[in-house]
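Remarks on the overall topology
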Amino acid sequence: MLGRGATIKLLRYSTQAHKAALIDGTDALEERLRSNELLKNLKCKYQDNQFQVVEDGDEGSQHLNCDKSLPMTVFPKQEIFDKVMRDNKVSQWRKPLTQWFRLGVHMMKYYKDGLRDTYRVAKDTRNLVEKCELDPKTPLVTQLCKLIEFNEIATRQKKDATALPLTRKQSVMYHRRAQVWKLPTFFILALIFEEFTAVVCYVFPKLAPHNCLTPGAYQKVCRTHTNDVTSWNPIKYQSPYTISKSSLFHILRRTPVAHISKWKLKIYDTMNIRKNPSETLMRIHQYLFIDDWFLLKDIMDDNPTLLSRKELVNCIFERQLFSADEDLNKMVNEEEGRRLLIWRLFAYWSFRFDGTVTVGGGQLFVEKWGVNNVAILNYSGLVGNKQLDKKNLSVLEK
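Residues numbered from 1 in each chain as written. Predicted model: local features only at pLDDT ≥ 70, side-chain atom pairs only at ≥ 80, totals over all residues. Heavy atoms only, no water.

**Details of the overall build of the protein chain**
A tally of regular secondary structure across the protein chain gives 19 helices and two strands. The globule rule puts the C-alpha radius of gyration for 398 residues at 21 Å, and the 22 Å found for the protein chain is close to it. With respect to the principal axes defined by its C-alpha atoms, the protein chain has extents near 75 × 55 × 40 Å. With 398 residues in all, the protein chain has 54% of them scored as buried. Sequence separation of 24 or more characterises 76% of the internal contacts of the protein chain that already satisfy a separation of 6 or more. Accessible surface computed for the protein chain: about 20000 Å², of which carbon and sulfur atoms make up 54%. (Helix = DSSP H or I, 4+ residues; strand = E, 2+ residues; numbered from the N terminus. Rg over C-alpha atoms; globule rule 2.2 N^0.38 Å. Buried < 20%, exposed > 50% of the residue type's maximum accessible area, 1.4 Å probe, protein only. Contact = heavy atoms within 4.5 Å. Areas by Shrake-Rupley, 256 points an atom, 1.4 Å probe, with all protein chains shown as cover.)

Following this line, the structure appears as structure tokens:
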């Protein structure tokens, strides 16, 4: 690991080198397209169909997508109602009742499949750390960050780099296995409310495992996890251990990556406990770095990258690249909205990773930004942490 003096030196370099990396207006957007090699490469990959977003994860890259651990993006109400209206075997007077009955049956199956898949994800990843011959006492994300750093040092020295012992799919499955703790409560709710479970989950969406959410419930969850931090300077180094206490707890309350209950955060705040919250923030930063690394390495490879719509929505959600009034599920199922989500991800990556060894550059990620620099956590790449909108697509895609 880098020593204290080396870290400070690298941070000074970052401060000077990346002031121009932020996008502020159309002119800056056009300049980013001209000067940012990663953004140009991502644009070429996208336009050449080397990076695609597919409807079903089974049609996509099997080592990337884990759709069974993610919720639906389209509520099936209209489709089911239309099928009933076209069913000549159902008399006209029975159609309204049959529509709601079949929707209820469909939702019960959806919840049953969600419970089963949540359990399977937890079961399949139970011994993942041991199978990868890693230390079970050290957080997986911390070990993977070290392995990636060793990998990229070897790459920069033109030596044979050791492949990571797991895929992106296994990594996200291990992260999402925490949802298994919601199963007992949700199982009891489903038994009690049956077809009306969807209503309960809409009112209290965080009671349900993530892959049991409906689009409406998912949107309610999204509203509680928007990134409203606009005053930070992403160029100024921020350690998870020295960041102000108010900023630390605010980020932990808003993050969609790790859930810490309100009462636990209140205790930490009242008793001025910083170690556990700071380590949680560090692991959030590490998890997103690892996920970005997996995705970018796959995109920059010669083989096509096929990311599912569910995974695209989840990428935007975890990185908080959306505003409170946006419906991510609706956007991903519309051609223009889907393009916008892709470009937001590209802008985010181009800000963080341009010039790094990950994408063919010369710097390690920690050399560019410093060790565990949470100042860049979920930063969109635009001044004021704004988001790209549909008006920007004409500039980006010309």
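**Digging into the environment of Asp228**
Structurally, Asp228 can be placed in the loop between helix 11 (215–223) and helix 12 (245–254). Exposure remark for Asp228: the relative accessible area of 40% places this residue in the partly exposed category. Each C-alpha atom of the pair Asp228 and Asp291 lies 22 Å from the other, and the pair is 63 residues apart in sequence.

**Observations concerning empty space enclosed by the protein**
Taken as a whole and judged by the stated rule, the model has three cavities of 30 Å³ or more. Roughly 70 Å³ of volume is contained in the second largest cavity. Lining the second largest cavity are Ser69, Thr118, Val121, Arg176, Arg177, Gln179, Val180, His210 and Asn211. A per-class count over the lining of the second largest cavity returns two nonpolar, five polar and two charged. (1 Å grid on protein atoms, 1.4 Å probe; cavity = no way out; pocket = protein on both sides within 12 Å on 5 of 7 lines; lining within 4 Å. Points joined across faces, edges and corners; volume = space filled by probe spheres on them. Nonpolar A, V, L, I, M, F, W, Y, C, P; charged D, E, K, R; others polar.)

**Points about the packing of aromatic side chains**
A full pass over the atoms with the stated rule returns 16 aromatic pairs. The interplanar angle of 10 degrees and the centroid separation of 6.0 Å between the aromatic rings of Phe289 and Phe353 together place this pair among those described as stacked. On the criterion of sequence distance, the pair formed by Phe289 in helix 14 (residues 275–300) and Phe353 in helix 17 (residues 335–353) is long-range, its members being 64 residues apart. Looking at Phe353, the relative accessible area reads 0%, which means it is buried. With a centroid separation of 5.6 Å and an interplanar angle of 75 degrees, the aromatic rings of Trp293 and Phe294 are classed as edge-to-face. In this structure Phe294 comes out as buried when scored by relative accessible area, which is 10%. (Phe/Tyr/Trp six-rings, centres within 6.5 Å; stacked < 30°, edge-to-face > 60°.)

**Considering a positive patch on the surface**
Together, Arg120, Lys123, Arg126 and Lys131 make up a positively charged patch on the protein surface. One can find Arg126 in the loop between helix 5 (95–124) and helix 6 (128–131). Relative accessible area serves as the criterion here: at 54%, Arg126 is assigned to the exposed category. (Patch = residues over 30% accessible without salt bridge, like charges linked within 9 Å, V, L, I, M, F, W, Y side chains within 5 Å. Salt bridge = Lys/Arg side-chain N within 4 Å of Asp/Glu carboxyl O. Lys, Arg positive; Asp, Glu negative; His and termini not counted. Charge placed at Lys NZ, Arg CZ, Asp CG, Glu CD.)

**Regarding the packing of helix 8 (residues 168–176) against helix 15 (residues 309–318)**
Look at helix 8 against helix 15: their axes get within 14 Å of each other, and the N-to-C directions meet at 60 degrees. Taken together, the axis directions place helix 8 and helix 15 in an arrangement best described as oblique. Crossing of helix 8 against helix 15: the hand is left-handed. Together, Arg168, His175 and Arg176 of helix 8 and Glu311, Asn314, Cys315 and Glu318 of helix 15 make up the contact between the two elements. (Axes fitted to C-alpha atoms, helices over the stretch in contact; angles between N-to-C directions. Parallel < 35°, antiparallel > 145°, perpendicular 65-115°, else oblique. Left-handed = near helix turned anticlockwise from the far one by under 90°.)

**Examining the nonpolar core**
Generally speaking, a soluble globular protein has its nonpolar side chains buried in company with each other. Leu312, Leu328, Phe346 and Trp349 are the most contacted members of the largest nonpolar core, which has 99 residues in total. Sequence-distant contacts of Leu328, defined by excluding residues within four places in its chain, comprise Cys222, Val313, Ile316, Phe317, Phe322 and Leu341. (Core = buried A, V, L, I, M, F, W, Y, C linked by side-chain atoms within 4.5 Å.)

**With respect to the confidence of the model for the protein chain**
The predicted model of the protein chain averages 88 in pLDDT, with 92% of residues at 70 or higher. With pLDDT under 50 throughout, residues 1–20 is counted as low confidence; its partners more than four residues away or in other chains account for 22 contacts. (pLDDT = per-residue confidence, 0-100.)

**Concerning the pairing of strand 2 (residues 305–308)**
Successive side chains on a regular strand alternate, one facing one side of the sheet and the next facing the other. Judged by which residues are buried, strand 2 turns out to be covered on both faces: Thr305 and Leu307 on one side and Leu306 and Ser308 on the other are all buried. Here strand 1 (residues 51–54) pairs with strand 2 via four bridges, running parallel. Considered in strand 2, the bridge of Val53 is made with Leu307. (Pairing = 2+ DSSP bridges.)

**A short note on the environment of Gly216**
Its place among the elements puts Gly216 in helix 11. The sequence separation of Gly216 and Ile148 amounts to 68 residues, and the corresponding C-alpha distance is 38 Å.

**Structural notes on the state of the cysteines**
Within this structure, the stated rule accounts for zero disulfides. Of all cysteine sulfurs, the one in Cys66 lies closest to Cys315, which takes part in no disulfide; the gap is 13 Å. On the basis of relative accessibility, which here comes to 0%, the residue Cys315 falls in the buried class. (Disulfide = S-S within 2.5 Å.)

**Regarding the layout of surface pockets**
Taken as a whole, the largest pocket holds about 1600 Å³ of empty space. For the lining of the largest pocket, the elements supplying multiple residues, two or more each, are helix 7 (140–156), helix 8, helix 12, helix 13 (262–270), helix 14 and helix 15. Among the elements that line the lining of the largest pocket, the one with the most residues is helix 14, at six residues. Grouping the constituent residues of the lining of the largest pocket by class yields 23 nonpolar, 13 polar and 10 charged. In this structure, the second largest pocket spans a volume of roughly 820 Å³. At the level of secondary structure, the elements contributing two or more residues to the lining of the second largest pocket comprise helix 4 (77–86), helix 5 and helix 15. In terms of residue count, helix 5 provides more of the lining of the second largest pocket than any other element does, six residues in total. For the lining of the second largest pocket, the class distribution of residues is seven nonpolar, eight polar and 13 charged.

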